[in-house]
Amino acid sequence: MGGNGSVSLIEGNRLQLHYWFDNTSHSMDAILQNKCEYDFLGVIQEIASQFDVKVIIETEPLEDGGLIRWFKLLFDDKSKKDAVKVAIITALATTIFVTPITTSITKATEAIIEQIFADPEIKKLNKEKLKLEIENLQKDIQLKNQQLGNNNKIRKKKSNFYENLEKYPKVKKVTFTVANEFKEIVHEDKTVVKKDFKKFILVSDELEPLNNENAIIEIISPVLKKGPHKWSGIYNGESISFKLKSVEFNTLVQSGGIEFKNGSAINCHLVIKKKVDNEGLEKVTGYEVLRVNNYFENDKPIETKEGRNYRKNKEAEKSQLDLFANLYDTNE
(Lines give C-alpha, C1' and ligand atoms only; values in the text may rest on other atoms or scores of the structure.)
Protein backbone atom coordinates (compact mmCIF):
# COMPACT_ATOMS: atom_id res chain seq x y z
CA MET A 1 0.00 0.00 0.00
CA GLY A 2 1.26 3.45 -0.79
CA GLY A 3 2.04 6.07 1.81
CA ASN A 4 -0.93 8.08 0.58
CA GLY A 5 -4.18 6.43 -0.46
CA SER A 6 -4.55 8.88 -3.36
CA VAL A 7 -1.10 8.16 -4.81
CA SER A 8 -1.10 5.80 -7.79
CA LEU A 9 1.36 2.93 -7.68
CA ILE A 10 2.21 3.35 -11.36
CA GLU A 11 3.61 6.82 -10.65
CA GLY A 12 6.53 5.35 -8.73
CA ASN A 13 9.53 6.52 -10.74
CA ARG A 14 11.73 7.77 -7.86
CA LEU A 15 13.91 5.66 -5.56
CA GLN A 16 15.25 6.84 -2.24
CA LEU A 17 18.29 5.16 -0.71
CA HIS A 18 18.72 6.22 2.90
CA TYR A 19 21.86 5.38 4.89
CA TRP A 20 21.27 5.73 8.65
CA PHE A 21 24.33 6.44 10.80
CA ASP A 22 25.22 5.76 14.42
CA ASN A 23 25.75 9.49 15.00
CA THR A 24 24.24 12.78 13.82
CA SER A 25 26.62 13.31 10.90
CA HIS A 26 25.50 13.52 7.28
CA SER A 27 28.72 12.41 5.58
CA MET A 28 29.97 9.05 4.37
CA ASP A 29 33.16 7.58 2.95
CA ALA A 30 32.92 8.63 -0.70
CA ILE A 31 34.60 5.56 -2.20
CA LEU A 32 32.39 3.19 -0.19
CA GLN A 33 29.26 5.16 -1.11
CA ASN A 34 30.14 5.01 -4.80
CA LYS A 35 30.79 1.27 -4.62
CA CYS A 36 27.41 0.68 -2.95
CA GLU A 37 25.51 2.82 -5.43
CA TYR A 38 27.32 1.29 -8.40
CA ASP A 39 25.88 -2.09 -7.39
CA PHE A 40 22.50 -0.63 -6.38
CA LEU A 41 22.08 1.00 -9.79
CA GLY A 42 23.46 -2.11 -11.48
CA VAL A 43 20.56 -4.15 -10.06
CA ILE A 44 18.05 -1.58 -11.34
CA GLN A 45 19.59 -1.66 -14.81
CA GLU A 46 19.56 -5.47 -14.84
CA ILE A 47 15.86 -5.57 -13.90
CA ALA A 48 15.14 -3.00 -16.62
CA SER A 49 16.98 -5.08 -19.22
CA GLN A 50 14.96 -8.15 -18.19
CA PHE A 51 11.76 -6.19 -18.87
CA ASP A 52 13.03 -4.78 -22.19
CA VAL A 53 12.81 -1.14 -21.14
CA LYS A 54 15.66 1.33 -21.49
CA VAL A 55 15.86 3.60 -18.47
CA ILE A 56 18.06 6.57 -17.73
CA ILE A 57 18.84 7.00 -14.02
CA GLU A 58 19.53 10.51 -12.80
CA THR A 59 20.54 11.62 -9.33
CA GLU A 60 18.75 14.38 -7.46
CA PRO A 61 20.11 16.65 -4.68
CA LEU A 62 21.34 14.99 -1.50
CA GLU A 63 19.33 15.30 1.70
CA ASP A 64 20.36 15.08 5.34
CA GLY A 65 19.08 12.65 7.95
CA GLY A 66 22.00 10.27 7.87
CA LEU A 67 22.56 10.43 4.13
CA ILE A 68 19.67 10.34 1.67
CA ARG A 69 20.12 9.72 -2.05
CA TRP A 70 17.34 10.18 -4.62
CA PHE A 71 17.33 8.51 -8.04
CA LYS A 72 14.94 9.36 -10.85
CA LEU A 73 14.14 6.81 -13.56
CA LEU A 74 13.45 8.25 -17.00
CA PHE A 75 12.37 6.35 -20.10
CA ASP A 76 12.21 7.29 -23.78
CA ASP A 77 8.74 6.01 -24.59
CA LYS A 78 6.11 7.97 -22.65
CA SER A 79 3.48 5.25 -23.13
CA LYS A 80 1.41 3.97 -20.22
CA LYS A 81 2.96 0.54 -20.82
CA ASP A 82 6.49 1.77 -20.10
CA ALA A 83 5.23 3.83 -17.15
CA VAL A 84 3.90 0.59 -15.67
CA LYS A 85 7.24 -1.14 -16.35
CA VAL A 86 9.21 1.62 -14.61
CA ALA A 87 6.87 1.45 -11.61
CA ILE A 88 7.47 -2.29 -11.43
CA ILE A 89 11.24 -1.86 -11.77
CA THR A 90 11.40 0.54 -8.81
CA ALA A 91 9.12 -1.67 -6.71
CA LEU A 92 11.07 -4.82 -7.55
CA ALA A 93 14.41 -3.15 -6.84
CA THR A 94 13.38 -2.25 -3.28
CA THR A 95 11.86 -5.69 -2.71
CA ILE A 96 14.95 -7.48 -4.00
CA PHE A 97 17.22 -5.45 -1.72
CA VAL A 98 15.23 -6.46 1.38
CA THR A 99 14.92 -10.14 0.41
CA PRO A 100 17.63 -12.34 2.04
CA ILE A 101 19.76 -14.64 -0.11
CA THR A 102 18.00 -17.74 1.21
CA THR A 103 14.50 -16.43 0.39
CA SER A 104 12.91 -16.79 -3.05
CA ILE A 105 12.97 -13.46 -4.89
CA THR A 106 10.16 -14.66 -7.15
CA LYS A 107 7.76 -15.25 -4.28
CA ALA A 108 8.67 -11.93 -2.69
CA THR A 109 8.10 -9.96 -5.89
CA GLU A 110 4.94 -11.66 -7.17
CA ALA A 111 2.79 -9.84 -4.61
CA ILE A 112 4.24 -6.48 -5.67
CA ILE A 113 3.41 -7.12 -9.33
CA GLU A 114 -0.15 -8.18 -8.49
CA GLN A 115 -0.53 -5.09 -6.32
CA ILE A 116 0.54 -2.75 -9.12
CA PHE A 117 -1.78 -4.37 -11.66
CA ALA A 118 -4.63 -4.00 -9.16
CA ASP A 119 -4.01 -0.24 -8.95
CA PRO A 120 -7.07 1.90 -9.86
CA GLU A 121 -5.09 3.56 -12.66
CA ILE A 122 -4.52 0.17 -14.29
CA LYS A 123 -8.17 -0.70 -13.91
CA LYS A 124 -9.01 2.57 -15.61
CA LEU A 125 -6.78 1.58 -18.52
CA ASN A 126 -8.53 -1.79 -18.68
CA LYS A 127 -11.76 -0.02 -19.48
CA GLU A 128 -10.11 1.63 -22.45
CA LYS A 129 -8.72 0.14 -25.66
CA LEU A 130 -5.50 -0.77 -23.82
CA LYS A 131 -7.09 -3.70 -21.98
CA LEU A 132 -5.54 -6.43 -24.15
CA GLU A 133 -2.16 -4.68 -24.14
CA ILE A 134 -2.17 -4.47 -20.34
CA GLU A 135 -3.19 -8.13 -20.00
CA ASN A 136 -0.35 -9.20 -22.30
CA LEU A 137 2.05 -6.95 -20.39
CA GLN A 138 1.06 -8.55 -17.09
CA LYS A 139 1.66 -12.06 -18.46
CA ASP A 140 5.03 -11.00 -19.90
CA ILE A 141 6.18 -9.37 -16.65
CA GLN A 142 5.10 -12.32 -14.52
CA LEU A 143 7.06 -14.65 -16.80
CA LYS A 144 10.21 -12.51 -16.72
CA ASN A 145 9.90 -12.02 -12.97
CA GLN A 146 10.37 -15.78 -12.54
CA GLN A 147 13.78 -15.43 -14.21
CA LEU A 148 15.01 -12.80 -11.72
CA GLY A 149 15.50 -15.33 -8.92
CA ASN A 150 18.28 -17.10 -10.84
CA ASN A 151 19.91 -13.92 -12.11
CA ASN A 152 23.52 -14.05 -10.93
CA LYS A 153 24.17 -10.37 -11.67
CA ILE A 154 21.39 -9.35 -9.31
CA ARG A 155 22.45 -11.83 -6.61
CA LYS A 156 26.11 -10.79 -6.76
CA LYS A 157 25.52 -7.03 -6.92
CA LYS A 158 23.12 -7.16 -3.98
CA SER A 159 25.71 -9.19 -2.07
CA ASN A 160 28.43 -6.63 -2.91
CA PHE A 161 26.18 -3.79 -1.68
CA TYR A 162 25.66 -5.35 1.75
CA GLU A 163 29.20 -6.68 2.05
CA ASN A 164 30.57 -3.16 1.66
CA LEU A 165 28.09 -1.70 4.17
CA GLU A 166 28.64 -4.55 6.63
CA LYS A 167 32.33 -3.61 6.89
CA TYR A 168 31.52 0.09 7.45
CA PRO A 169 30.87 0.64 11.18
CA LYS A 170 29.13 4.00 10.76
CA VAL A 171 26.04 2.66 8.95
CA LYS A 172 23.45 1.13 11.31
CA LYS A 173 20.67 0.47 8.78
CA VAL A 174 19.57 1.25 5.24
CA THR A 175 16.08 2.13 3.96
CA PHE A 176 14.60 1.89 0.46
CA THR A 177 11.62 3.97 -0.63
CA VAL A 178 9.61 4.30 -3.85
CA ALA A 179 8.01 7.68 -4.52
CA ASN A 180 6.49 9.71 -7.34
CA GLU A 181 7.86 12.88 -8.92
CA PHE A 182 6.50 14.94 -5.99
CA LYS A 183 8.37 12.73 -3.49
CA GLU A 184 5.07 11.30 -2.26
CA ILE A 185 5.61 7.75 -1.00
CA VAL A 186 4.13 5.10 -3.30
CA HIS A 187 5.16 2.00 -1.34
CA GLU A 188 5.92 1.70 2.35
CA ASP A 189 9.58 2.18 3.35
CA LYS A 190 11.61 -1.03 3.56
CA THR A 191 14.47 -1.19 6.04
CA VAL A 192 17.32 -3.61 6.69
CA VAL A 193 19.24 -3.23 9.96
CA LYS A 194 22.96 -3.82 10.41
CA LYS A 195 22.68 -7.15 12.26
CA ASP A 196 20.82 -8.61 9.25
CA PHE A 197 23.28 -7.50 6.54
CA LYS A 198 24.95 -10.94 6.58
CA LYS A 199 21.68 -12.51 5.40
CA PHE A 200 22.12 -10.73 2.06
CA ILE A 201 25.76 -11.66 1.45
CA LEU A 202 26.68 -14.70 -0.66
CA VAL A 203 28.63 -17.27 1.34
CA SER A 204 30.49 -18.35 -1.81
CA ASP A 205 30.88 -17.21 -5.38
CA GLU A 206 30.99 -20.82 -6.53
CA LEU A 207 28.11 -21.97 -8.75
CA GLU A 208 26.61 -25.42 -9.08
CA PRO A 209 29.01 -27.29 -11.42
CA LEU A 210 27.79 -28.51 -14.79
CA ASN A 211 27.93 -32.26 -15.42
CA ASN A 212 28.16 -33.85 -18.87
CA GLU A 213 28.08 -37.64 -18.51
CA ASN A 214 28.94 -38.20 -22.19
CA ALA A 215 31.31 -35.40 -23.12
CA ILE A 216 33.58 -35.87 -26.13
CA ILE A 217 37.07 -34.39 -25.74
CA GLU A 218 39.62 -34.54 -28.54
CA ILE A 219 43.03 -34.98 -26.91
CA ILE A 220 45.71 -32.43 -27.81
CA SER A 221 48.23 -33.23 -25.11
CA PRO A 222 47.94 -36.23 -22.73
CA VAL A 223 49.82 -36.52 -19.42
CA LEU A 224 52.04 -39.58 -19.60
CA LYS A 225 53.58 -39.48 -16.12
CA LYS A 226 52.42 -39.04 -12.53
CA GLY A 227 52.04 -35.58 -11.09
CA PRO A 228 49.59 -32.66 -10.80
CA HIS A 229 49.73 -31.98 -14.52
CA LYS A 230 46.73 -31.07 -16.67
CA TRP A 231 45.70 -32.58 -19.95
CA SER A 232 44.73 -30.35 -22.85
CA GLY A 233 42.03 -31.02 -25.38
CA ILE A 234 39.21 -29.60 -27.47
CA TYR A 235 35.68 -29.59 -26.05
CA ASN A 236 32.76 -28.08 -27.97
CA GLY A 237 35.21 -26.43 -30.35
CA GLU A 238 37.24 -24.75 -27.58
CA SER A 239 40.67 -25.58 -26.19
CA ILE A 240 40.55 -26.55 -22.51
CA SER A 241 42.92 -27.77 -19.82
CA PHE A 242 41.50 -30.41 -17.52
CA LYS A 243 42.37 -32.66 -14.59
CA LEU A 244 41.99 -36.37 -15.31
CA LYS A 245 40.72 -37.81 -12.02
CA SER A 246 40.01 -41.33 -13.28
CA VAL A 247 42.57 -43.55 -11.54
CA GLU A 248 41.83 -46.43 -13.91
CA PHE A 249 42.40 -44.44 -17.08
CA ASN A 250 45.48 -42.67 -15.68
CA THR A 251 47.02 -46.06 -14.87
CA LEU A 252 46.20 -47.34 -18.36
CA VAL A 253 47.84 -44.29 -19.97
CA GLN A 254 50.94 -44.27 -17.76
CA SER A 255 51.53 -47.99 -18.34
CA GLY A 256 51.55 -47.40 -22.09
CA GLY A 257 48.26 -49.22 -22.66
CA ILE A 258 46.97 -46.45 -24.93
CA GLU A 259 48.73 -44.80 -27.85
CA PHE A 260 47.57 -41.27 -28.60
CA LYS A 261 47.57 -40.05 -32.18
CA ASN A 262 46.32 -36.98 -34.00
CA GLY A 263 42.54 -36.94 -33.54
CA SER A 264 42.48 -39.25 -30.50
CA ALA A 265 39.44 -38.60 -28.31
CA ILE A 266 37.65 -39.79 -25.18
CA ASN A 267 34.01 -40.05 -24.17
CA CYS A 268 33.84 -39.12 -20.50
CA HIS A 269 32.04 -37.66 -17.49
CA LEU A 270 33.14 -34.03 -17.54
CA VAL A 271 32.55 -31.62 -14.63
CA ILE A 272 32.72 -27.91 -15.44
CA LYS A 273 33.33 -25.73 -12.38
CA LYS A 274 32.03 -22.16 -12.45
CA LYS A 275 31.83 -19.06 -10.28
CA VAL A 276 30.51 -15.52 -10.56
CA ASP A 277 32.90 -12.59 -10.78
CA ASN A 278 32.35 -9.23 -9.07
CA GLU A 279 29.98 -8.15 -11.85
CA GLY A 280 27.88 -11.29 -11.51
CA LEU A 281 29.16 -12.78 -14.76
CA GLU A 282 29.73 -16.53 -14.90
CA LYS A 283 33.33 -17.66 -15.31
CA VAL A 284 34.63 -21.20 -15.83
CA THR A 285 37.22 -21.98 -13.15
CA GLY A 286 38.16 -25.53 -14.11
CA TYR A 287 37.42 -28.78 -15.88
CA GLU A 288 37.63 -32.26 -14.36
CA VAL A 289 37.19 -35.67 -15.99
CA LEU A 290 35.85 -38.08 -13.35
CA ARG A 291 35.31 -41.12 -15.54
CA VAL A 292 36.33 -42.21 -19.03
CA ASN A 293 33.54 -44.21 -20.67
CA ASN A 294 35.53 -45.10 -23.76
CA TYR A 295 38.42 -43.94 -25.90
CA PHE A 296 38.73 -44.08 -29.66
CA GLU A 297 41.23 -45.97 -31.79
CA ASN A 298 40.87 -45.21 -35.51
CA ASP A 299 37.38 -43.86 -34.75
CA LYS A 300 36.46 -47.17 -33.08
CA PRO A 301 35.22 -46.77 -29.47
CA ILE A 302 36.99 -48.95 -26.89
CA GLU A 303 34.94 -49.23 -23.71
CA THR A 304 36.82 -48.95 -20.41
CA LYS A 305 36.04 -51.09 -17.36
CA GLU A 306 34.61 -48.12 -15.46
CA GLY A 307 32.65 -47.10 -18.56
CA ARG A 308 31.16 -50.59 -18.82
CA ASN A 309 30.19 -50.59 -15.13
CA TYR A 310 28.58 -47.18 -15.51
CA ARG A 311 26.64 -48.31 -18.62
CA LYS A 312 25.39 -51.49 -16.95
CA ASN A 313 24.27 -49.59 -13.84
CA LYS A 314 22.34 -47.12 -16.01
CA GLU A 315 20.73 -49.97 -17.95
CA ALA A 316 19.73 -51.69 -14.69
CA GLU A 317 18.21 -48.46 -13.36
CA LYS A 318 16.24 -48.00 -16.58
CA SER A 319 14.98 -51.61 -16.48
CA GLN A 320 13.82 -51.12 -12.90
CA LEU A 321 12.00 -47.91 -13.78
CA ASP A 322 10.37 -49.60 -16.78
CA LEU A 323 9.27 -52.48 -14.53
CA PHE A 324 7.65 -50.11 -12.04
CA ALA A 325 5.98 -48.22 -14.89
CA ASN A 326 4.56 -51.45 -16.33
CA LEU A 327 3.28 -52.57 -12.92
CA TYR A 328 1.62 -49.19 -12.43
CA ASP A 329 -0.04 -49.42 -15.86
CA THR A 330 -1.28 -52.95 -15.06
CA ASN A 331 -2.79 -51.83 -11.75
CA GLU A 332 -4.55 -48.99 -13.52
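So, here is what we can say about the structure in this document. Being a predicted model, the structure only gives us computed values, none of them experimental. (Residues numbered from 1 in each chain as written. Predicted model: local features only at pLDDT ≥ 70, side-chain atom pairs only at ≥ 80, totals over all residues. Heavy atoms only, no water.)

## Focus on the overall build of the protein
For step 1, the next point in the chain: Of the regular secondary structure elements, the protein holds eight helices and 11 strands.
For step 2, the next point in the chain: Here the C-alpha atoms of the protein give a radius of gyration of 27 Å, more than 25% beyond the 20 Å that 2.2 N^0.38 yields for 332 residues.
For step 3, the next point in the chain: Principal-axis analysis of the C-alpha atoms gives the protein an extent of 80 × 60 × 40 Å.
For step 4, the next point in the chain: Across the 332 residues of the protein, 44% fall into the buried class.
For step 5, the next point in the chain: Long-range pairs, those at least 24 residues apart, make up 67% of the contacts in the protein with a sequence separation of at least 6.
For step 6, the next point in the chain: With 50 positive and 50 negative side-chain charges, the protein shows a spacing of 3 Å between the two charge centroids. (Helix = DSSP H or I, 4+ residues; strand = E, 2+ residues; numbered from the N terminus. Rg over C-alpha atoms; globule rule 2.2 N^0.38 Å. Buried < 20%, exposed > 50% of the residue type's maximum accessible area, 1.4 Å probe, protein only. Contact = heavy atoms within 4.5 Å. Lys, Arg positive; Asp, Glu negative; His and termini not counted. Charge placed at Lys NZ, Arg CZ, Asp CG, Glu CD.)

## With respect to the side chain of Lys274
For step 1, the next point in the chain: Along the polypeptide, Lys274 turns up in strand β9 (residues 265-276).
For step 2, the next point in the chain: At a separation of 2.6 Å, a polar atom in the side chain of Lys274 contacts the side chain of Glu282.
For step 3, the next point in the chain: In this structure, Lys274 is in contact with Glu206, Leu207, Leu210, Glu282, Lys283, Val284 and Thr285, ignoring residues within four places of it in sequence. (Polar contact = N/O pair within 3.5 Å; in protein donor to acceptor, adjacent residues only side chain to side chain.)

## Some words on the sheet that holds strand β4 (residues 171-179)
For step 1, the next point in the chain: Pairing is antiparallel across the open sheet formed by five strands, whose spatial order is β2-β3-β1-β4-β5. The outermost strands of the open sheet, each flanked by one partner alone, are β2 (55-63) and β5 (185-193). Taken pair by pair, the neighbouring strands of this sheet meet at an average axis angle of 20 degrees, ignoring direction.
For step 2, the next point in the chain: Most of the contacts of helix α6 (residues 152-166) go to β4, to which it runs at about 140 degrees, and overall it touches β1 (14-21), β4 and β5. (Pairing = 2+ DSSP bridges. Axes fitted to C-alpha atoms, helices over the stretch in contact; angles between N-to-C directions.)

## Details of helix α1 (residues 30-50)
For step 1, the next point in the chain: Here α1 is 21 residues long and its end C-alpha atoms lie 30 Å apart, about the 30 Å a rise of 1.5 Å per residue gives.
For step 2, the next point in the chain: Measuring from the backbone nitrogen of Ile31 back to the side-chain oxygen at the start of α1 gives 3.2 Å, which picks out Asp29 as the cap.
For step 3, the next point in the chain: Directly beyond the C-terminal end of α1, a positive phi value near 55 degrees is found at Asp52. (Expected span 1.5 Å × (residues − 1).)

## Points about helix α2 (residues 80-97)
Since the α-helix packs 3.6 residues into each turn, any two residues three or four apart lie on the same face.
For step 1, the next point in the chain: The terminal C-alpha atoms of α2, which comprises 18 residues, lie 26 Å apart, in line with the 26 Å expected from a rise of 1.5 Å per residue.
For step 2, the next point in the chain: Of all 18 residues that make up α2, 16 are buried, and the element is covered over most of its length.

## A few points about unusual backbone geometry
For step 1, the next point in the chain: Unlike most non-glycine residues, Asp52 shows phi in positive territory, near 55 degrees.
For step 2, the next point in the chain: Here Asp52 falls in the exposed class, since its relative accessible area comes to 56%.
For step 3, the next point in the chain: Even without glycine at this site, Asn236 takes up a positive phi of about 50 degrees.
For step 4, the next point in the chain: If you trace the backbone, Asn236 turns up in the loop between β7 (231-235) and β8 (238-244).
For step 5, the next point in the chain: Residue Asn236 is classed as exposed on the basis of its relative accessible area, which comes to 66%.

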